[in-house]
Amino acid sequence: MILEKLKKNSSLLSVSVLLIAFFRLLLTATIPLLDKTEARYAEIARIMQETGQWIVLQIDYGVPFWAKPPLSTWLSAASFTVFGINEFASRFPSFLLSIILIIIAGKLVKKEGYSFYLPGFILLTMPEFLIHTGVVSTDTALEFCIALMMISFWQTMKSETKTYWNYVFFIFLGLGLLSKGPLIMVLTFPPLFLWCCLDIKRFKTIFTKFSIIPGLLITAIIAIPWYYFAEKESPGFLDYFIVGEHYKRFLEPGWKGDLYGSGHSQPKGMIWILLIAFAFPWIQVVLYKLWKNRTTIFKNSWVSFLVLWAFWTPLFFTTSSNILHTYVLPSAMPIMFLVVYFWEEFTRKKLLINIALFFPAVVFIAYFGIVATRQLDNKMNSDKYLLANLKSKNGNQEIPIYYWKDKSYSGQFYTNGKALTVKNEKQLDSVLSLNKPLFFVFPKKKQQEIPQKYLDRMTLAESNYKTSIFVTK
C-alpha cells in the first residue's frame, strides 16, 4: 500500500537526491575555503598532514589548538594525503559521512516499505544538513556519531536478542568523544534516559541487551589514549577543553576566555529560531503532525524516541547565549525519521516536495549566477583568489606575504603556511628596511590604522570587497 503511494513520486525523489548530491560534491571542489571557521579547520588539518603531528592539533606552527578533539582533523589530514592539499580534500570527509548517513537511513526505511531515496531527499533539502554535507567542521563528525549511537540504541532495544548494534553504540560513543568531546554524552544520554523513563521496563532491557562492561572498555580504548597523550604533550589542554569549552562557553554570555575567537552572544532561546529556519520545511511539517497527534505521541515508542532525540538538543541550548546555527544539526536525522513516519498521511506530497526543493534551487541559481558573472573571486570571504592572482602576476613564484597584525586562515592555507605577520609599526619598519619588493595584506576595515607614510611607499596590487594587497615601490 505504501509502495503504491510512492510510485508517483519515486522518480522525482531519486533524481532529486542524485542531482543535489552531485551538485553538493561540485561545491566542495569549486568554492574556496571560507574564513574564519572552515579555513581554520582546513589549515589545522594541513599543518597536521605536513608536520606529522597527529596528537596535538596546531592552529599555527608550534601553537596548540585546544578547542576541539582530533577526529574531523584526522579525516581531513588523511584526505590530504590521498587527494593532495586542496578544498575538495579538506571537505570530502564531511561529504562522505553525510552520504553514509543517507545510505544507512535509506536502508532502514526501505525495510519498512518506503523509498530508499526518501530520507536522502528530506535531508538534502534541509538547509542545515545540506550546508554540512561538505564543509570543514567538527559538527558533521559529531552528528554522524550521535546518529549512529541513537540508531544502534534503538536497534538493540527492539531486537529479541543481543545484536552487533549493541557494540556499534559503544564504538560511536568513543568516536564521539574524539569528535567533540563529552558533548556527545550530553546530547545523547539525557534523551535516552527520558525515553526509558516512559516505560521503566526499558531500564531492565538495557542490562539484558547491552554488553555494558565490554562496551565501555571498547569506548575507553578508542577515546582515552588521545586525551592522555594530548595532555602529556600539551599541558593545560584538559582544563581549557573540559572547563572552558564545555562549561564556560555555554553558560557565560560573551565568554572572554576563548583563545581562538570570541563567544557568539545571542538572545536566550535563539536556538529555536535557528531550528525553524535551518530545518525548513520539514520541522514545520513535523510540528504540525505532532500537534495533531499530541495525545498519542508518548504512547508510540518510536515516535517518542524520535521526539526526545530531535528536541533535546535545542532544549539543552535554550539557556545558552553562545549559539551557532550548527548546533541544530544533531536534530536533522530524527526530524527526517519523523517525516518518514508520517509520510503516508500526507495527501499533497508533490506540493511538499516542491516546497522542499526551494532552498537547493536557490543555492543552485545563486552559484551558477555568480560563476556566470565571474563574481566568485570578489564576493567570497576568502583570500584564495587575491593570492592566486598575485602569484600569477609574479610568474607563479613564491612571494613574501605579510599580514597586518593577524593572518587570515585562508591566507595561511593558500600560502601553505608561509604567510607572515607584522604586529606593529616597529616590525613594519624592520621589514621595509629590506628594500625589496614585498606584499602587505591589509583588511580594508583596518587600513586606516596604517600611517600614511607607509602607504606612500606602496601601490595597490590586488583588492576585493574586504581585503587589499599592496606592494612596496
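Residues numbered from 1 in each chain as written. Predicted model: local features only at pLDDT ≥ 70, side-chain atom pairs only at ≥ 80, totals over all residues. Heavy atoms only, no water.

(A) Quick peek at empty space enclosed by the protein. Tallied over the full model, the rule gives three cavities of 30 Å³ or more. Considered as a void within the structure, the largest cavity measures approximately 120 Å³ in volume. The wall of the largest cavity is formed by 15 residues, among which Ser-72, Ser-76, Ser-94, Val-136 and Ser-137 lie closest to the centre. Taken together, the residues that form the lining of the largest cavity break down as seven nonpolar, eight polar and no charged. By volume, the second largest cavity is sized at about 60 Å³. Only α7 (139-158) and α9 (183-197) provide two or more residues apiece to the lining of the second largest cavity. Per-class residue counts for the lining of the second largest cavity are six nonpolar, one polar and two charged. (1 Å grid on protein atoms, 1.4 Å probe; cavity = no way out; pocket = protein on both sides within 12 Å on 5 of 7 lines; lining within 4 Å. Points joined across faces, edges and corners; volume = space filled by probe spheres on them. Nonpolar A, V, L, I, M, F, W, Y, C, P; charged D, E, K, R; others polar. Helix = DSSP H or I, 4+ residues; strand = E, 2+ residues; numbered from the N terminus.)

(B) Looking closely at the layout of surface pockets. One number sums up the size of the second largest pocket: a volume of about 640 Å³. Lys-36, Asp-406, Lys-407, Ser-408 and Tyr-409 are, among the 24 residues lining the second largest pocket, the residues nearest its centre. Every element with two or more residues in the lining of the second largest pocket is listed here: β1 (58-60), β3 (401-404), α21 (409-414) and β5 (439-443). Per-class residue counts for the lining of the second largest pocket are eight nonpolar, five polar and 11 charged.

(C) Expanded view of the environment of Leu-287. Inspection of the secondary structure puts Leu-287 in helix α14 (residues 282-292). Look at Leu-287 and you get partly exposed, because its relative accessible area is 37%. With near-sequence residues (within four places) excluded, Leu-287 lies in contact with Ile-276 and Phe-311. (Buried < 20%, exposed > 50% of the residue type's maximum accessible area, 1.4 Å probe, protein only. Contact = heavy atoms within 4.5 Å.)

(D) Region of interest: a positive patch on the surface. A contiguous patch of positive charge, built from Lys-107, Lys-110, Lys-111 and Lys-158, is present on the exposed surface. Among the secondary structure elements, Lys-107 is positioned in helix α4 (residues 87-110). (Patch = residues over 30% accessible without salt bridge, like charges linked within 9 Å, V, L, I, M, F, W, Y side chains within 5 Å. Areas by Shrake-Rupley, 256 points an atom, 1.4 Å probe, with all protein chains shown as cover. Salt bridge = Lys/Arg side-chain N within 4 Å of Asp/Glu carboxyl O. Lys, Arg positive; Asp, Glu negative; His and termini not counted. Charge placed at Lys NZ, Arg CZ, Asp CG, Glu CD.)

(E) How the structure looks around the packing of aromatic side chains. In the structure shown here, the tally under the stated rule is 50 aromatic pairs. Summarising the aromatic geometry, the rings of Phe-116 and Tyr-117 are spaced 5.4 Å apart at their centres and angled 85° between planes, so their arrangement reads as edge-to-face. The class of Tyr-117 is partly exposed, set by a relative accessible area of 30%. Between Phe-316 and Phe-317, the ring centres sit 5.0 Å apart and the planes meet at 70°, which makes this aromatic pair edge-to-face. What makes Phe-316 partly exposed here is its relative accessible area of 28%. Given a relative accessible area of 2%, Phe-317 falls into the buried group. The ring centre of Tyr-41 lies 5.1 Å from the NZ or CZ of Arg-40, which sits over that ring. (Phe/Tyr/Trp six-rings, centres within 6.5 Å; stacked < 30°, edge-to-face > 60°. Lys NZ or Arg CZ within 6 Å of the ring centre and 35° of its normal.)

(F) Summary view of a nonpolar patch on the surface. Together, Ile-224, Tyr-228 and Phe-229 make up an exposed nonpolar region whose accessible area comes to about 320 Å². Within the secondary structure, Ile-224 is located in helix α11 (residues 212-233). A relative accessible area of 52% places Ile-224 in the exposed class.

(G) Structural context of the sheet that holds strand β6 (residues 458-463). If you trace the five strands from one edge of the open sheet to the other, you get β4-β3-β5-β7-β6, paired in mixed fashion. Edge strands, defined here as strands with exactly one partner in the open sheet, are β4 (420-422) and β6. Between one strand axis and the next, the sheet turns by 35° as a mean value, whatever way the strands run. Here three bridges tie β3 to β4, and the two strands are oriented parallel to one another. Across the sheet, Trp-404 pairs through a bridge with Val-422, a residue of β4. Against the sheet, helix α20 (residues 384-393) engages β3, β5, β6 and β7 (467-472), with an angle of about 120° to β6. The sheet strands contacting helix α22 (residues 425-432) are β3, β4, β5, β6 and β7, and the helix crosses β4 at an angle near 120°. (Pairing = 2+ DSSP bridges. Axes fitted to C-alpha atoms, helices over the stretch in contact; angles between N-to-C directions.)

(H) Seen up close, the packing of helix α15 (residues 301-316) against helix α16 (residues 332-342). It is at 8 Å that the axes of α15 and α16 come closest, and there the two elements cross at 150°. Taken together, the axes of α15 and α16 are roughly antiparallel relative to one another. α16 is crossed by α15, and the crossing has left-handed handedness. Contacts from Trp-302, Val-303, Leu-306, Val-307, Trp-309 and Ala-310 in α15 reach Met-333, Pro-334, Ile-335, Phe-337, Leu-338 and Tyr-341 in α16. (Parallel < 35°, antiparallel > 145°, perpendicular 65-115°, else oblique. Left-handed = near helix turned anticlockwise from the far one by under 90°.)

(I) Spatial organisation of the confidence of the model for the protein. For the protein, per-residue confidence averages 89 on the pLDDT scale, and 92% of positions sit at 70 or higher. The low-confidence segment residues 1-6, where pLDDT is below 50, has 10 contacts with residues more than four positions distant or belonging to other chains. (pLDDT = per-residue confidence, 0-100.)

(J) Representation of α11 within the structure. Here α11 spans 31 Å end to end across 22 residues, near enough to the 32 Å set by a 1.5 Å rise per residue. Of all bends in α11, the biggest is about 35°, found at Ala-223, and the proline Pro-225 comes one to four residues later. Taken together, the buried positions of α11 are occupied by Gly-215, Thr-219, Ala-223, Trp-226, Tyr-227 and Ala-230. (Expected span 1.5 Å × (residues − 1). Bend = angle between axes of the 7 residues up to and from the residue.)

(K) Main features of the pattern of salt bridges. Scanning the model with the defined rule gives 12 salt bridges in all. Its salt-bridge partner being Lys-180, residue Asp-139 comes within 2.6 Å of it at the nearest N-O pair. One end of the pair, Asp-139, is in helix α7; the other, Lys-180, is in the loop between α8 (165-179) and α9, and 41 residues separate them in sequence. In this structure, Asp-139 and Lys-180 share a single accessibility class: buried. Between Lys-289 and Glu-345 there is a salt bridge, with the nearest N and O atoms lying 2.7 Å from each other.

(L) The nonpolar core, seen in detail. Counting 112 residues, the largest nonpolar core has Phe-153, Trp-282, Trp-309, Met-333, Ile-335 and Phe-337 as the members making the most contacts within it. Among the elements that take part in this core, α7 stands out by supplying 13 residues, more than any other. Those residues within four positions of Trp-282 in sequence are excluded, and the remaining contacts are Phe-121, Ile-122, Thr-125, Met-126, Ile-335, Val-339, Trp-343, Leu-352 and Ala-356. Counting residues in each nonpolar core, the second largest holds 14 residues, with Val-422, Leu-438, Ile-450 and Phe-470 among its members. (Core = buried A, V, L, I, M, F, W, Y, C linked by side-chain atoms within 4.5 Å.)

(M) Inspection of the environment of Leu-351 at higher detail. Its place among the elements puts Leu-351 in helix α17 (residues 349-356). Here Leu-351 falls in the partly exposed class, since its relative accessible area comes to 39%. Each C-alpha atom, one on Leu-351 and one on Leu-71, is 40 Å from the other, the two residues being 280 residues apart in sequence.

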